[in-house]
Amino acid sequence: KSEEGTGVIAMIDLLIKDLDKELTEAAAEEKEAQKDYETMMQESAEKRAADSKSLTEKEGVKADTEAELQAETEGKAAAGKELMATMQYIASLHAECDWLLPDYDAR
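Here the structure is a predicted model, which means the values were calculated and not measured.

Criteria and cut-off values
Residue indices begin from 1 for each chain and proceed along its sequence in written order. Per-residue local features are limited, in this predicted model, to residues with pLDDT of at least 70; the limit for side-chain atom pairs, both in listing and counting, is 80 or more; totals at the level of whole chains, interfaces and linings are taken over all residues. As a rule here, side-chain values come from all non-hydrogen atoms in the structure, and water together with hydrogens is ignored. Secondary structure elements follow DSSP: runs of H or I of four or more residues count as helices, runs of E of two or more count as strands, with numbering from the N terminus. In this treatment the radius of gyration is a C-alpha quantity, and the globule benchmark scales as 2.2 Å times the residue count to the 0.38 power. Throughout this description, buried means an accessible area under 20% of the type-specific maximum (1.4 Å probe, protein chains only), exposed means over 50%, and partly exposed covers the range between. Surface exposure here means Shrake-Rupley accessible area, sampled with a 1.4 Å probe, where a residue is shielded only by the protein chains that are shown. Only four residue types enter the charge count, namely Lys and Arg as positive and Asp and Glu as negative; His and the chain termini do not. Charge positions come from single atoms, namely NZ of Lys, CZ of Arg, CG of Asp or CD of Glu. For salt bridges, the criterion is a side-chain nitrogen of Lys or Arg within 4 Å of an Asp or Glu carboxyl oxygen.

(A) The arrangement of the overall build of the chain in detail. In terms of regular secondary structure, the chain is built from 2 helices and 0 strands. By the compact-globule yardstick of 13 Å for 107 residues, the chain is too spread out, its C-alpha radius of gyration being 45 Å. Once the C-alpha set of the chain is aligned to its principal axes, its extents read approximately 150 × 20 × 15 Å. Each of the 107 residues in the chain was classed as buried or not, and the buried ones make up 0%. Surface exposure of the chain reaches about 10,000 Å², of which carbon and sulfur atoms provide 61%. With 13 positive and 27 negative side-chain charges, the chain shows a spacing of 3 Å between the two charge centroids.

(B) Representation of the pattern of salt bridges. Scanning the model with the defined rule gives 2 salt bridges in all. Salt-bridge contacts for Lys47 lead to Asp51; the nearest nitrogen and oxygen are separated by 3.0 Å. Of this pair, Lys47 and Asp51 both sit in helix 1 (residues 2–97), 4 residues apart, which is roughly one turn of that helix. A relative accessible area of 52% means that Lys47 is categorised as exposed. For Asp51, a relative accessible area of 41% puts it in the partly exposed group. Its salt-bridge partner being Glu66, residue Lys62 comes within 3.9 Å of it at the nearest N-O pair. Of the two residues, Lys62 and Glu66 are both situated in helix 1; the distance of 4 residues between them amounts to about one turn of the helix.

Pasting the structure below:
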């Protein structure tokens, strides 16, 4: 009986050692996983901050561009009105002066 008892005790000791080894490995894996998770969360927070800053900058550039577009559109409209006035003035000059051309040779 003592041989059987010794074999069972040795098997139980082996199971205890295996269980301790697995628990140690699981604890190490858990620490590593926690470290990876914290690193990922830190990197994600930094990326969100950078994306937020980039978005703010892009919104500022967009607002500036839209203001510039508005100013250019208004400038174009003003230039168009000035061109129309100039064309009307030229047309009125033609109306006033075209009668002189046929008589120019006679003078």
